[in-house]
Amino acid sequence: MKDLVHQSIPVKRAVKQVDVLSPLLFNICINDAVDMFNERDSDPPSLNISVIGCLLYADDLIILSTTADGLQKSFDKLHKCCQT
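Remember, it's a predicted structure, so these values are computed and weren't measured experimentally.

*Asks:* I keep staring at the overall build of the protein and nothing clicks. Help me out?
*Replies:* Looking only at helices and strands, the protein features 2 helices and 4 strands. Shown N-terminal to C-terminal, the secondary structure of the protein runs as helices and strands in the order α-β-β-β-β-α. Taking all 84 residues of the protein together, 19% fall into the buried category. Within the protein, contacts between residues separated by at least 24 positions form 39% of all contacts whose residues are at least 6 apart in sequence.

*Asks:* Where do I start with helix α1 (residues 21-30) in this structure?
*Replies:* Side chains that are three or four residues apart share a direction in an α-helix, a result of its 3.6 residues per turn. Among the residues making up α1, those that are buried are Ser 22, Phe 26 and Ile 30. Mapping the buried residues of α1 onto a view down its axis gives an arc of 50°, with all of them on the same face. Elements in contact with the buried residues of α1: β3 (54-57) and β4 (60-63).

*Asks:* How do you make sense of the nonpolar core when you look at a structure like this?
*Replies:* If you look at soluble globular proteins, the nonpolar side chains tend to sit buried side by side. Phe 26, Ile 30, Ala 33, Val 34, Met 36, Phe 37, Cys 54, Ile 63 and Leu 78 together form the largest nonpolar core, which totals 9 residues. When residues no more than four places from it in sequence are discounted, the contact partners of Phe 37 are Ser 42, Pro 44, Gly 53, Cys 54, Leu 61, Ile 63, Ser 74 and Leu 78.

*Asks:* Any chance you could explain unusual backbone geometry here in plain terms?
*Replies:* Most peptide bonds are trans, and most residues other than glycine sit at a negative phi. Phi at Asp 43 is positive, roughly 50°, even though this residue is not glycine. Looking at the secondary structure, you find Asp 43 in the loop between α1 and β1 (46-47). With a relative accessible area of 26%, Asp 43 lands in the partly exposed category. Backbone geometry places Asn 48, a non-glycine residue, at a positive phi of 60°. With respect to the helices and strands, the residue Asn 48 is situated in the loop between β1 and β2 (50-51). Classification of Asn 48 by relative accessible area gives exposed; the value is 76%.

*Asks:* Would you explain a nonpolar patch on the surface in this entry?
*Replies:* A contiguous nonpolar patch, built from Val 20, Leu 21, Leu 24, Leu 25 and Ile 28 and spanning about 480 Å² of accessible area, is present on the exposed surface. Counting through the fold element by element, Leu 25 comes out in helix α1. Accessibility expressed as a relative area gives 35% for Leu 25, which makes it partly exposed.

Criteria and thresholds
- Residues numbered from 1 in each chain as written.
- Predicted model: local features only at pLDDT ≥ 70, side-chain atom pairs only at ≥ 80, totals over all residues.
- Heavy atoms only, no water.
- Helix = DSSP H or I, 4+ residues; strand = E, 2+ residues; numbered from the N terminus.
- Buried < 20%, exposed > 50% of the residue type's maximum accessible area, 1.4 Å probe, protein only.
- Contact = heavy atoms within 4.5 Å.
- Arc of directions from axis to C-beta.
- Core = buried A, V, L, I, M, F, W, Y, C linked by side-chain atoms within 4.5 Å.
- Patch = residues over 30% accessible without salt bridge, like charges linked within 9 Å, V, L, I, M, F, W, Y side chains within 5 Å.
- Areas by Shrake-Rupley, 256 points an atom, 1.4 Å probe, with all protein chains shown as cover.
- Salt bridge = Lys/Arg side-chain N within 4 Å of Asp/Glu carboxyl O.

Listed below in structure tokens is the structure:
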């Protein structure tokens, strides 16, 4: 298994973790992004006939993929979405 390298990411803007607006802002921003994780090039896993490219709960996001390449593509899509 490849060793993961972690680097600090400076946070310039944020909503406080306990802020009541945090889940609402997350939901507004993530609604349009959910479908991109279910695209075939992201290699999402499936359960019966349902494709599950991500899991959402409150203000948390878990991105799922069956391959490392698919996961990287999902991260790239999320990055582009966040920049937009």
